[in-house]
Amino acid sequence: EAQVTQNPRYLITVTGKKLTVTCSQNMNHEYMSWYRQDPGLGLRQIYYSMNVEVTDKGDVPEGYKVSRKEKRNFPLILESPSPNQTSLYFCASRDRGIHEQYFGPGTRLTVT
Amino acid sequence: KNQVEQSPQSLIILEGKNCTLQCNYTVSPFSNLRWYKQDTGRGPVSLTIMTFSENTKSNGRYTATLDADTKQSSLHITASQLSDSASYICVVSAKGNYQLIWGAGTKLIIKP
C-alpha cells in the first residue's frame with residue numbers, strides 16, 4: 001500500500017531535549033516536505049527536499065533541521081525544543097511535476 | 001506577495017443540502033490549484049488538482065471550478081453527507097516554484 005508513515009504519532013517532551021520525528025514514504029517520490037499546523041492557522045511549510053541531499057527552508061524553519069540521506073526518509077530534528085514548537089506536524093511527499101501530494105498521519109508534539 | 005484567501009471561514013449546513021466554498025489567490029505566475037479535505041487531526045487528502053487550462057473538475061460529489069482570469073476558484077459540494085464535515089483547504093502553486101501556498105481553510109459542519 002502506498003503510504004507516508006511518521007513516528008512517533010504522539011510525543012510529550014521537555015524544553016531542550018533533542019528529538020527526531022521520522023518520516024518515510026514507499027512511493028519513490030522525489031519531493032518531501034514537513035509542515036506544522038496550529039489552531040486557526042493553515043499548514044505552514046518548515047522544510048522541503050527536492051531530492052537526496054537537496055533540502056531548503058520553507059516558511060518557518062527556525063528551530064528545526066532536516067536531512068535527506070535516502071530518497072524514502074526525511075527526518076525532522078528539533079535540537080532544542082521549546083514550548084512554541086508544540087504543534088501538529090505533517091510529513092508529505094509527491095512526485096516531480098503536477099502530482100497529488102500524500103500526507104502522513106501526523107505527529108502531535110507537546111513541549112513543556 | 002503570493003496569498004490564498006478562503007471564505008467563509010466556517011459554514012454550517014443541513015445534511016442533504018448543497019454548498020459552495022470560495023478561494024481567491026494572488027499567486028503569479030500560476031501553475032496549479034488544489035483542493036484538499038482535512039478531517040480533524042488527520043493529514044489533508046487531495047480532492048482535485050487543476051491547471052491553467054482546466055476550468056472545472058469533479059470528484060464524486062465535489063466539483064471544483066477555476067477562473068484563472070479573475071484568480072478565483074470554488075468547491076461545490078452536492079447533497080452533503082455527515083462525513084463531509086471537515087476543513088477544506090485551497091492550495092496554489094506558482095510556476096517554477098516547488099512550494100505550495102496554503103489557504104487557512106473553510107471549516108464545514110454538516111448537521112443531521
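Residues numbered from 1 in each chain as written. Chains lettered and ligands numbered in written order. Predicted model: local features only at pLDDT ≥ 70, side-chain atom pairs only at ≥ 80, totals over all residues. Heavy atoms only, no water.

A. Up close: the state of the cysteines. Residue and element names in this part refer to chain B. Using the criterion set out here, one finds two disulfides over all chains in the structure. Each sulfur in the disulfide pair C23 and C90 lies 2.0 Å from the other. Since a negative S-S torsion denotes a left-handed disulfide, the C23-C90 link at about -65 degrees is left-handed. Residue C23 is located in strand β3 (residues 19-25), and its partner C90 is located in strand β9 (residues 86-94); the two are separated by 67 residues in the primary sequence. A disulfide-free cysteine, C19 has its sulfur positioned 15 Å from the sulfur of C90, the nearest such atom. (Disulfide = S-S within 2.5 Å. Helix = DSSP H or I, 4+ residues; strand = E, 2+ residues; numbered from the N terminus.)

B. Summary view of the interface of chain A and chain B. If you look at the interface, chain A gives 24 residues, while chain B gives 19 residues. Taking both partners together, chain A and chain B bury about 1,600 Å²; carbon and sulfur atoms supply 55% of that area. The largest per-residue losses of area from chain A upon contact with chain B belong to L43, I98 and F103 of chain A, which jointly make up 30% of the total buried on that side. For the side of chain A that touches chain B, the elements supplying multiple residues, two or more each, are β4 (31-37), β5 (44-51) and β9 (87-94) of chain A. Looking at the side of chain A that touches chain B, the element that brings in the most residues is β4 of chain A, giving five residues. For the side of chain A that touches chain B, a count of residues per class yields 11 nonpolar, eight polar and five charged. (Contact = heavy atoms within 4.5 Å. Buried area = accessible area lost by both parts, 1.4 Å probe. Nonpolar A, V, L, I, M, F, W, Y, C, P; charged D, E, K, R; others polar.)

C. Layout of the packing of aromatic side chains. Counted according to the given criterion, the structure contains nine aromatic pairs over all chains. A ring pair is formed by Y35 of chain A and W102 of chain B, whose centres lie 5.3 Å apart and whose planes are at 70 degrees; its orientation type is edge-to-face. Within this pair, whereas Y35 of chain A is found in strand β4, its partner W102 of chain B is found in strand β10 (residues 100-102), the two belonging to separate chains. By relative accessible area, which is 11% here, W102 of chain B ends up buried. Here the aromatic rings of Y62 of chain B and Y88 of chain B are separated by 6.0 Å at their centres, their planes lie at 45 degrees, and the arrangement is tilted. Placement of Y62 of chain B in strand β7 (residues 62-67) and of Y88 of chain B in strand β9 is noted, with a sequence separation of 26 residues between them. Like Y62 of chain B, the residue Y88 of chain B is buried in the burial classification. The rings of Y35, F90 and F103 of chain A together with Y36 and W102 of chain B are connected pair by pair, giving a single aromatic cluster. Sitting above the plane of the Y62 of chain B ring, R61 of chain B keeps its charged end 5.8 Å from the centroid. (Phe/Tyr/Trp six-rings, centres within 6.5 Å; stacked < 30°, edge-to-face > 60°. Buried < 20%, exposed > 50% of the residue type's maximum accessible area, 1.4 Å probe, protein only. Lys NZ or Arg CZ within 6 Å of the ring centre and 35° of its normal.)

D. Here's a closer look at the sheet that holds β7 of chain B. Residues and elements named next belong to chain B. Across the sheet, five strands lie side by side as β1-β3-β8-β7-β6; this open sheet has antiparallel pairing. Two strands in the sheet have a free side with no partner beyond their single neighbour: β1 (4-7) and β6 (56-59). Across the sheet, the axes of successive neighbouring strands diverge by a mean angle of 15 degrees, strand direction being ignored. The pairing of β6 with β7 spans four bridges and is classified as antiparallel. Within the sheet, the bridge partner assigned to T56 lies in β7 and is T65. (Pairing = 2+ DSSP bridges. Axes fitted to C-alpha atoms, helices over the stretch in contact; angles between N-to-C directions.)

E. Fine view of the side chain of Q6 of chain B. Residue and element names in this part refer to chain B. Topologically, Q6 is positioned in strand β1. A distance of 2.9 Å separates a polar side-chain atom of Q6 from the backbone oxygen of Y88. In this structure the side chain of Q6 is engaged in a polar contact, spanning 2.9 Å, whose partner is the backbone nitrogen of G105. (Polar contact = N/O pair within 3.5 Å; in protein donor to acceptor, adjacent residues only side chain to side chain.)

F. Examining the pattern of salt bridges more closely. Residues and elements named next belong to chain A. A complete count under the given rule lists seven salt bridges over all chains for this structure. Where R96 meets E30, a salt bridge forms, and the shortest distance between an N and an O atom there is 3.0 Å. With a gap of 66 residues between them, R96 in the loop between β9 and β10 (102-103) and E30 in the loop between β3 (19-25) and β4 connect regions that are remote in the sequence. Between E79 and K65 there is a salt bridge, with its nearest N and O atoms 2.9 Å apart. Of this pair, E79 sits in the loop between β8 (76-78) and β9 while K65 sits in strand β7 (residues 65-66), and the two are 14 residues apart along the sequence. What makes E79 partly exposed here is its relative accessible area of 37%. A residue is classified by how much of its surface remains accessible, and K65, at 43% relative accessible area, is partly exposed. Via salt bridges that share partners, K18, K65 and E79 belong to a single interconnected network. (Salt bridge = Lys/Arg side-chain N within 4 Å of Asp/Glu carboxyl O.)

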